[in-house]
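Structural features, examined
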Amino acid sequence: MLMLWAIIIVFSLIYIAILVYLLYALYAMISGAPFVPTNHTKVERMLKLVELKQDEKFIDLGSGDGRLVFAAAKKCKHATGVEISPLLHIISKLKKTKSKSKNTTLIRDTLWNVDLSEYDVISIYFIPHWMNKLKKKIKREMKPGSRIVSHAFTFPDWQPVAKDDTIYIYKV
Ligand SMILES: C[S@@+](CC[C@H](N)C(=O)[O-])C[C@H]1O[C@@H](n2cnc3c(N)ncnc32)[C@H](O)[C@@H]1O
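Residues numbered from 1 in each chain as written. Predicted model: local features only at pLDDT ≥ 70, side-chain atom pairs only at ≥ 80, totals over all residues.

1. Examining the overall build of the chain
- When helices and strands are tallied, the chain shows 5 helices and 7 strands.
- Oriented by its inertia axes, the alpha-carbon framework of the chain measures out at about 65 × 35 × 30 Å.
- The burial tally for the chain puts 33% of its 172 residues in the buried class. (Helix = DSSP H or I, 4+ residues; strand = E, 2+ residues; numbered from the N terminus. Buried ≥ 20, exposed ≤ 12 C-beta atoms within 10 Å, placed from the backbone.)

In structure tokens form, the structure reads like this:
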């Protein structure tokens, strides 16, 4: 009988975890983009094209498992990731513990709540219908000269200053 209860509890927990993940995946799709990780080669190309420097602060908006954050942290002063999904946030926290990275911050929140004024470089991999709203937030909050590296998607009525395949660089 005890064994049966243990099995029911374990399966209920797995079921709840899957349900929470799916609900956040749906929410992420509506409020931004679903989780589609950037491959590691492209991560390096993005950071090279945006010319991230040692004295700069970087943030990945919708940081997924944190791969851009940890790669950027090796090249700049401080790298932050904001991610809406609790599961992906936990995965990136585990990666931070494993890598013993000191100059990284991982935030579990929606990117719309983040003040962008302190960052020199932001990265995004976002769906098209939010790009206009994001452009307005960037122009409102970021300092002149700060840069944006966008994977796959462009901003409406804003010319990139550089492009490599599906990577676009914008300057405020
Ligand atoms: C296409 S993935 C990119 C992940 C990562 N930046 C990369 O390139 O590997 C987009 C990420 O944004 C997250 N996301 C979607 N809407 C968001 C929001 N409003 N605030 C924060 N993160 C969001 C998703 O959960 C997902 O992990």
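Picking up where we left off.
2. Focus: the pairing of strand β5 (residues 147-151)
- Taken across its 5 residues, β5 has 4 buried, putting it largely inside the fold.
- When strand β4 (residues 121-124) meets β5, the two strands line up parallel, connected through 4 bridges. When the sheet's bridge partners are listed, I124 is paired in β5 with S150.
- One crossover worth recording links β4 to the parallel β5 by way of helix α5 (residues 131-141), and it is right-handed. (Pairing = 2+ DSSP bridges. Right-handed = clockwise from strand over helix to strand, strands pointing away.)

3. Quick look at the sheet that holds strand β7 (residues 167-171)
- Spatial strand order, β3-β2-β1-β4-β5-β7-β6: 7 strands in an open sheet with mixed pairing. Every interior strand has two partners, whereas the edge strands, β3 (104-108) and β6 (162-164), have only one. Across the sheet, the mean angle from the axis of one strand to that of its neighbour is 15°, orientation sign disregarded.
- Strand direction decides the pairing type here: β5 and β7, joined by 5 bridges, are antiparallel. When the bridges of β7 are listed, R147 appears paired with K171. (Axes fitted to C-alpha atoms, helices over the stretch in contact; angles between N-to-C directions.)

4. Quick notes on the environment of K102
- Locating K102 in the fold gives a position in the loop between α4 (86-99) and β3.
- Residue class for K102 comes out exposed when judged on the 8 C-beta atoms lying within 10 Å of it.
- Spatially, the C-alpha atoms of K102 and A17 are 29 Å apart, while their sequence positions differ by 85 residues.

5. Re the environment of K93
- Note on placement: K93 falls in helix α4.
- As for K93 and G66, which are separated by 27 residues in sequence, their C-alpha atoms are 8.3 Å apart.

6. Notes on the confidence of the model for the chain
- Looking at the chain as a whole, the pLDDT averages 91, with 97% of positions reaching at least 70.
- Mean pLDDT values over the elements of the chain span from 81, in helix α1 (residues 2-31), up to 98, in strand β1 (residues 57-61). (pLDDT = per-residue confidence, 0-100.)

7. A look at the pairing of β1
- With respect to burial, β1 is a largely interior element, 4 of its 5 residues being buried.
- A crossover connection joins β1 to the parallel strand β2 (residues 78-83) through helix α3 (residues 67-73); in handedness this β-α-β unit is right-handed.

8. Re the nonpolar core
- Within the largest apolar cluster, 33 residues are counted, with the highest numbers of intra-cluster contacts made by F58, V69, A72, V121, I122 and I124.
- Counting residues per element, this core draws most heavily on α3, at 6 residues.
- If near-sequence neighbours (up to four positions away) are discounted, V121 is found in contact with V50, L52, E56, F58, S146, R147 and V149. (Core = buried A, V, L, I, M, F, W, Y, C linked by C-beta atoms within 7 Å. Contact = placed C-beta atoms within 7 Å.)

9. Description of the environment of R108
- Positionally, R108 belongs in strand β3.
- We classify R108 as partly exposed; it has 15 C-beta atoms within 10 Å.
- Apart from the residues lying within four places of it in its own chain, the contact partners of R108 are E83, P86 and H89.

10. Observations concerning α4
- Between its first and last C-alpha, α4 extends 20 Å over 14 residues, near the 20 Å set by a 1.5 Å rise per residue.
- Listing the buried residues of α4 in full gives L88, H89 and S92. Buried positions in α4, seen along its axis, are confined to an arc of 100° and lie on one side of it. Away from its buried face, by an angle of more than 90 degrees, α4 presents the exposed residues P86, L94, T97 and K98.
- Of the surrounding secondary structure, the elements contacted by the buried residues of α4 are α3, β2 and β3.
- Residue K100 follows α4 closely and has a positive phi angle near 55°. (Expected span 1.5 Å × (residues − 1). Arc of directions from axis to C-beta.)

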